[in-house]
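Each chain, written out:
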Amino acid sequence: MKIIDLRSDTVTMPTPEMREAMFKAKVGDDVYGEDPTINELEKKAAQIMGKEAALFVISGTMGNQIAVKTHTNPGDEIILEENSHILIYEVGGIAAISGVQPRPLKGERGVLNVEDIKKAIRPDDIHQPSTTLICLENTHNRAGGTVIPLQTMKEIKALAKEHGIPVHLDGARVFNAAVALGVDVSEIARYADSVMFCLSKGLCAPVGSVLVGDQEFIGRARKYRKMFGGGIRQGGILAAAGLIALERMTKRLEEDHANARFLAENLAEIPGITVDLETVQTNIVFHDIEKTGLNGYEYTQKLKEFGIMINPAPKTLRMVTHWGITREDICYTLEVIEKIVKGG
Ligand SMILES: *Cc1c(COP(=O)(O)O)cnc(C)c1O
């Protein structure tokens, strides 16, 4: 039986071209700055993002945590969205590693309101912590892969600049955002001082993310990467796949978005299933099965019997499209769901 794995775009395998490139990669000791493939990846990433410099890191979490550490001092306060990855899924790292306190704000489909940020920035007061960072997430994972409008990014950046506060963008899926907005990714990155993006999700690299920013920031971030145990020696083996992710795989994301849209629109037609189509902007689809009377755990178990994998949850379930998921797979998935919902 074919397995259709819709749990996440992190399940993507390296492409045959990546494996070939990894086999042939020129490598050196990256802690000495001598890995030519990592150096090439960092140079390309900085260029594509329109920033001065880049740092190859092991994971998106490591990239975000290094960014927070580099931008802040212990006791500072950082503003972020209440369902952001940095707040929910990074094991409390900002508290444990950087000693900062979060100021979570409620976003609208993952998008923060500029006025809310303005009100949350601390005044210069001997009693209060200093607001020293604003974190954004584009696309927003928990909100369903939603995109921050460019105008909003621009306004947040202008406000932050007025207060001398840097903006960090968790752009794990920022290439999906660029495709959805129909702009070059640097048009998004220009409204952030630092950006982290993942090579290992929809872009299919086996391991790795990149943090970009100005020369001075990346210089200090590089030292923190070492502190965090992220000096990666002959990591060019990984960067070789990353280069293909960056240069080739970013060009095919439209297909994932079209498949997600097709999936969402057809799911919404199945009696008892609810989909907020407004949130389906990229490669993530959430659907609510509460009105079908089914239990989410039984539902995911039944899907598994047909070779379809999604993460179990009580009633709102996520599906993510990616390289290797075809339109036929989506059609088959829809047929199976219809059958399960009808009690067949
Ligand atoms: C996946 C993800 C990360 C972290 O990436 P890992 O490589 O899994 O550590 C950070 N932010 C967002 C929005 C993500 O979806």
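Check the entry above for the structure.
Read on for a plain summary of the structure. Being a predicted model, the structure only gives us computed values, none of them experimental.

Rules used in this analysis
- Residues numbered from 1 in each chain as written.
- Predicted model: local features only at pLDDT ≥ 70, side-chain atom pairs only at ≥ 80, totals over all residues.
- Heavy atoms only, no water.
- Core = buried A, V, L, I, M, F, W, Y, C linked by side-chain atoms within 4.5 Å.
- Buried < 20%, exposed > 50% of the residue type's maximum accessible area, 1.4 Å probe, protein only.
- Helix = DSSP H or I, 4+ residues; strand = E, 2+ residues; numbered from the N terminus.
- Contact = heavy atoms within 4.5 Å.
- Axes fitted to C-alpha atoms, helices over the stretch in contact; angles between N-to-C directions.
- Left-handed = near helix turned anticlockwise from the far one by under 90°.
- Nonpolar A, V, L, I, M, F, W, Y, C, P; charged D, E, K, R; others polar.
- Phe/Tyr/Trp six-rings, centres within 6.5 Å; stacked < 30°, edge-to-face > 60°.
- Near = heavy atom within 4 Å.
- Polar contact = N/O pair within 3.5 Å; in protein donor to acceptor, adjacent residues only side chain to side chain.
- Areas by Shrake-Rupley, 256 points an atom, 1.4 Å probe, with all protein chains shown as cover.

In this section: the nonpolar core. Burial of nonpolar side chains together is a common tendency in soluble globular proteins. Among the nonpolar cores identified, the biggest contains 54 residues, and Ile117, Ile134, Leu136, Phe175, Phe197, Leu199 and Val210 are the most heavily contacted of them. Considering each element in turn, this core owes the most residues, six residues, to helix H11 (residues 236-247). Not counting the four nearest positions on each side in its chain, Phe197 is found in contact with Ala45, Met49, Gly171, Ala172, Val174, Phe175, Ser209, Val210, Val212 and Leu246.

Let's shift gears to the packing of helix H1 (residues 16-24) against H11. At a minimum axis distance of 8 Å, the contact between H1 and H11 shows a crossing angle of 140°. For the element pair H1 and H11, the recorded crossing hand is right-handed. For the pair H1 and H11, contact is made by Glu17, Met18, Ala21 and Met22 and by Ile237, Leu238, Ala240, Ala241, Ile244 and Ala245, respectively. Residues of the contact of H1 with H11, tallied by class, amount to nine nonpolar, no polar and one charged.

What follows deals with the packing of aromatic side chains. Inspection of the entire model under this criterion finds two aromatic pairs. Their ring planes at 80° and their centres at 5.4 Å tell us that Phe175 and Phe197 sit as a pair that is edge-to-face. Taken together, the residues span a long stretch of sequence, with Phe175 in helix H8 (residues 174-181) and Phe197 in strand E7 (residues 194-198) at a distance of 22 residues. Residue Phe197 is classed as buried on the basis of its relative accessible area of 0%. Aromatic pair Tyr224 and Phe228: ring centres 6.4 Å apart, planes at 40°, arrangement tilted. Assessed through its relative accessible area of 23%, Phe228 is described here as partly exposed.

Okay, the site of the ligand next. Lining the immediate surroundings of the ligand are 14 residues, of which Gly60, Thr61, Asp170, Arg173 and Lys201 lie closest. Within the side chain of Thr61, one N or O atom sits 2.6 Å away from an oxygen atom of the ligand. Taking 380 Å² as the accessible area of the ligand by itself, protein coverage stands at 85%. Going through the elements one at a time, helix H3 (60-71) and E7 are the ones with two or more residues in the shell around the ligand. Sorting elements by how many residues they give to the shell around the ligand places H3 first, with three residues.

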